Amino acid sequence: MDNKEKPLISVVMACYNDAKTVSEAIKSIIDQTYPNWKLIIVNDASTDNSLEVISSFVDERMVVISNEENKGLAISLNIGIEASKGADYIARLDSDDIALPNRLERQLSYMVEHSNVSICGANIEMFNEDDNNVIAKTKLKEDHASLMAFLPFSSPIPHSTWFVRMSAFDAFTYDSQYRSSQDYEFMYRVFESGKEIACVQETLVRYRIRGNSISHKNRGIDPNTLKVQCRVAKMLGLNDKKEYVSIIDMADSAKKKNIGDYLMLISYCVSMIRANRRAKLFKQSALIYVVIKKIYGVTMTILKKS
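Remember, it's a predicted structure, so these values are computed and weren't measured experimentally.

Engineer: What exactly am I supposed to notice about the state of the cysteines here?
Structural biologist: Where two cysteines share a covalent bond between their sulfur atoms, that bond is called a disulfide. For the coordinates displayed, the defined rule picks out zero disulfides. The cysteine Cys 120 is free of any disulfide, with Cys 199 supplying the nearest cysteine sulfur at 8.0 Å.

In structure tokens:
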């Protein structure tokens, strides 16, 4: 079977001032064991030499698009998706992350075997930018119900591992109003639609931890994360719990050791479990597992900060 007969995978990457890391990200796609891909890179008006680094690669499967002005991640990704017309699948990779060589091959194989799945992710290996040491590895469960139980708190699967079946969506686009948490908001809509997600039980992406990353800068209460958390709370019938929802991130950041915040988090989690028993939005045992894991993590973080 030649490449023309194989499913086409479009890898969509947005880059803004990532000259130091984008080369590794691009090389990790060029080195994939699966050959029939195209890489769409949207340079979001970088002010460093990102475009020069990107342009140093010569591969007919690469397409480079440059925004005349900075548009943000959501719009840039939508531009990349629009340029992916004709692809059977879209894979996401951030310009500071690294795909392991078998990533596309493994996720494609999973999607072929699981025709009910619209988006599959994978586990990630988090590494320190300064010394390249591995900090942690995720161990996400495979099935839809277990993954979606994370939705009251965060996006269920790492954004840089998304592998999307295009035939499952009339329109696969991010909400341009979200300058952050674009993936979280999109996963909320996926949940509403009833589409299935899954997670390949392998580590397929190396996720770079660095001080100026979006996730680092937004530790604490990210207003866009809060918006989605409130939408989930409303689905559960917790319309008056906005102050509790904000506690999720406030307590998790552990920037202030406030026992009142911690107790409010516990109270909110209990309310959530009770509300879900009535609403039946999430698998109850999976939600309880996530809540216990969340509270344990917050407790350990606070104890370490003490």
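From this point, the discussion proceeds with the structure in view.
Engineer: When you look at the pattern of salt bridges in this model, what are you seeing that I'm missing?
Structural biologist: Close approach of charged atoms lets side chains of opposite charge pair. Per the counting criterion, the structure on display carries 11 salt bridges. When the shortest N-O distance is used, the salt bridge between Arg 92 and Asp 94 registers 2.3 Å. Across this residue pair, the class does not change: Arg 92 and Asp 94 are buried. Two residues, Arg 206 and Glu 125, come together in a salt bridge whose shortest N-O distance is 2.6 Å. One end of the pair, Arg 206, is in strand β9 (residues 196–209); the other, Glu 125, is in strand β6 (residues 117–128), and 81 residues separate them in sequence. In this structure, Arg 206 and Glu 125 share a single accessibility class: buried.

Engineer: Would you take a moment to explain unusual backbone geometry for this structure?
Structural biologist: In most cases, non-glycine residues show a negative phi, while peptide bonds are predominantly trans. Residue Ala 45 is not a glycine yet carries a positive backbone phi of 55°. Structurally, Ala 45 can be placed in the loop between β2 (37–43) and α2 (50–55). Positive phi values are uncommon outside glycine, yet Lys 280 reaches one of about 60°. Since its relative accessible area comes to 67%, Lys 280 is described here as exposed.

Engineer: Any chance you could explain the side chain of Asp 96 here in plain terms?
Structural biologist: Along the polypeptide, Asp 96 turns up in the loop between β4 (89–92) and β5 (98–99). A relative accessible area of 12% means that Asp 96 is categorised as buried. Ignoring any residue separated from it by four or fewer positions in sequence, one finds Asp 96 in contact with Asp 18, Thr 21, Arg 208 and Arg 210.

Rules used throughout
Residues numbered from 1 in each chain as written. Predicted model: local features only at pLDDT ≥ 70, side-chain atom pairs only at ≥ 80, totals over all residues. Heavy atoms only, no water. Disulfide = S-S within 2.5 Å. Salt bridge = Lys/Arg side-chain N within 4 Å of Asp/Glu carboxyl O. Buried < 20%, exposed > 50% of the residue type's maximum accessible area, 1.4 Å probe, protein only. Helix = DSSP H or I, 4+ residues; strand = E, 2+ residues; numbered from the N terminus. Contact = heavy atoms within 4.5 Å.

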